[in-house]
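The lines below spell out each chain.
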Amino acid sequence: MSEEPTFPPLLRGEAVTAGADPFEKAISSAMLGTDPGLLTYRLDLDTLRAAIVLAPEAPLEEAMAMIFAASLGFGDALGALAPPEVGVHFDWPAAIRINGARCGEMRAAASTAAAGQEPDWLVIGLTLPIWSEEEPGAEPNRTVLFAEGCADVSPVALLESWSRHMLVWVNRWLDEGMAPLHADWRARAFSMGEDVDLEIGGKALSGTFMGLDERGGMLLRKDQETSLIPLSSMLET
């Protein structure tokens, strides 16, 4: 795609070469000491990939609120561009659902895995399938953006909108803490109160999704016992 996105003043964009992974590029740049606010991206015909380098001044478990900021920012971004009947919800910790079907996800990596340590950097990645040659409904629980009434949504405009709306949620977190992000994410949760199966940190888990703790961790109930799965469990190494 020849059109180049523009971003808010606090962010700077960097397109990666064909075949490269913006998430890996953002991580390597963060490890080399780049300033926060770098947004790497790749705009293919079939998939939108992007990642942002952040440096939240908080212990890791609190800093993981950026996953909610990025997810809610995406929901608001698509809501501003798509027809009003298009619904966006989230599977915990960071999968996206459009009109009930899975359509992309967020990823995360950080300079530390210690819950109480402040990370030098935190990278949040977005992968969103745009278009597919497969017939609609080939995978009933999965979809692509254009199959959900969003053929007129420009991936460039969506990337730009995501960057702006994400910053709004980051600033709300800075000003008001986790509470507003917690409330809005809960309102868009797809399977809260239902039985779920998920794989996180290389482990397969199942049980009833009872809700969130104050930092966005999942409360998972199984066999009369409720366990807490922190958001940091999704971090990739």
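The following refers to the structure shown. This structure is a prediction, so every number in the text was calculated from the model and none was measured. (Residues numbered from 1 in each chain as written. Predicted model: local features only at pLDDT ≥ 70, side-chain atom pairs only at ≥ 80, totals over all residues. Heavy atoms only, no water.)

## Description of empty space enclosed by the protein
As a reminder of what qualifies: Put simply, the grid is 1 Å and covers the protein atoms alone, a cavity is a trapped set of points that fit a 1.4 Å probe, a pocket is an open set with protein on both sides within 12 Å along at least five of seven lines, and lining residues have an atom within 4 Å of a point. Grid points are joined across faces, edges and corners, and a volume is the space filled by probe spheres set on the points. Helix and strand assignments follow DSSP, with helices taken as H or I runs no shorter than four residues and strands as E runs no shorter than two, numbered in order from the N terminus.
Applying the stated criterion to the full structure yields one cavity of 30 Å³ or more. A volume near 40 Å³ is recorded for the largest cavity. For the largest cavity, the full set of lining residues is Asp21, Pro22, Phe23, Arg49, Ala50, Arg107, Gly125, Leu126 and Thr127. Sorting the residues of the lining of the largest cavity by element identifies α1 (22-31), β3 (47-54) and β7 (122-129) as the ones contributing at least two each. Take the lining of the largest cavity: its biggest share by element is three residues, from β7.

## A closer look at the packing of helix α3 (residues 65-81) against helix α4 (residues 155-176)
Formally: Here, axes are lines fitted to C-alpha atoms. For helices the fit covers the stretch in contact, and angles between N-to-C directions go from 0 to 180 degrees. In this scheme, roughly parallel covers angles under 35 degrees and roughly antiparallel covers those over 145, while 65 to 115 is roughly perpendicular and the rest are oblique. Here is the rule for handedness: rotate from the far helix to the near one, and if that takes an anticlockwise turn smaller than a right angle the crossing is left-handed, while a clockwise turn gives right-handed. Contacts between residues were defined by any pair of non-hydrogen atoms, one from each residue, lying within 4.5 Å. Residues are grouped as follows: nonpolar covers Ala, Val, Leu, Ile, Met, Phe, Trp, Tyr, Cys and Pro; charged covers Asp, Glu, Lys and Arg; every other residue, Gly included, is treated as polar.
Where α3 meets α4, the axes come as close as 7 Å, and the angle between the chain directions of the two elements is 135°. Comparing their axes, α4 and α3 come out oblique. The handedness of the crossing between α3 and α4 comes out as right-handed. Every residue of α4 that contacts α3 at Ala65, Met66, Ala69, Ala70, Leu72, Gly73, Phe74, Asp76, Ala77, Leu78, Ala80 and Leu81 is listed here: Ala157, Leu158, Ser161, Trp162, His165, Met166, Trp169, Val170 and Trp173. For the contact of α3 with α4, a count of residues per class yields 17 nonpolar, three polar and one charged.

## Brief notes about the pattern of salt bridges
Just so we agree on the cut-off: Just to be clear on terms, a salt bridge is a Lys or Arg side-chain nitrogen sitting within 4 Å of an Asp or Glu carboxyl oxygen. Exposure classes here rest on a 1.4 Å probe applied to the protein chains alone. A residue is buried below 20% of its type maximum, exposed above 50%, and partly exposed in between.
Evaluation of the coordinates by the stated rule reveals ten salt bridges. Aspartate 44 is the partner of arginine 42 in a salt bridge, and the nearest nitrogen-oxygen pair spans 2.7 Å. The same class applies to arginine 42 as to aspartate 44, namely buried. Linked by salt bridges that have partners in common, Asp21, Arg107 and Glu236 make up one network.

## Thoughts on the layout of surface pockets
Taken as a whole, the largest pocket spans an internal volume of roughly 480 Å³. Considering the residues around the largest pocket, the lining is formed by 25 residues, among which Trp92, Pro93, Arg102, Glu105 and Glu199 are closest to the centre. Elements that contribute at least two residues to the lining of the largest pocket include exactly β5 (95-98), β6 (101-110) and β8 (195-200). The element that contributes the greatest number of residues to the lining of the largest pocket is β8, accounting for six residues. A per-class count over the lining of the largest pocket returns 13 nonpolar, three polar and nine charged.

## Remarks on the environment of glycine 149
Mapped onto the fold, glycine 149 is located in the loop between β7 and α4. The class of glycine 149 is partly exposed, set by a relative accessible area of 49%. Each C-alpha atom, one on glycine 149 and one on leucine 174, is 35 Å from the other, the two residues being 25 residues apart in sequence.

## Quick look at the pairing of β5
Within a regular strand, the side chains alternate between the two sheet faces. Applied cut-off: For two strands to be treated as a pair, DSSP must find at least two bridges joining them.
With burial as the criterion, each face of β5 is covered, one bearing Ala95 and Arg97 and the other bearing Ile96 and Ile98. For strand β4 (residues 88-91) and β5, the ladder comprises four bridges, and the chain directions are antiparallel. Within the sheet, the bridge partner assigned to histidine 89 lies in β5 and is arginine 97. Between the end of β4 and the start of β5, which pair antiparallel, lie three residues.

## Focus on α4
Put simply, the test is: The length a helix should cover is 1.5 Å for every residue beyond the first. Each polar contact in these results corresponds to two N or O atoms within 3.5 Å; when the atoms are within protein, one needs to be able to donate a hydrogen and the other to accept it, and residues that are neighboring in sequence are counted only if both atoms are side-chain atoms.
The terminal C-alpha atoms of α4, which comprises 22 residues, lie 31 Å apart, in line with the 32 Å expected from a rise of 1.5 Å per residue. Capping the start of α4 is the job of one residue whose side-chain oxygen sits 3.2 Å from the backbone nitrogen of valine 156: serine 154. Immediately downstream of α4, the backbone of glycine 177 shows phi near 85°, a positive value.

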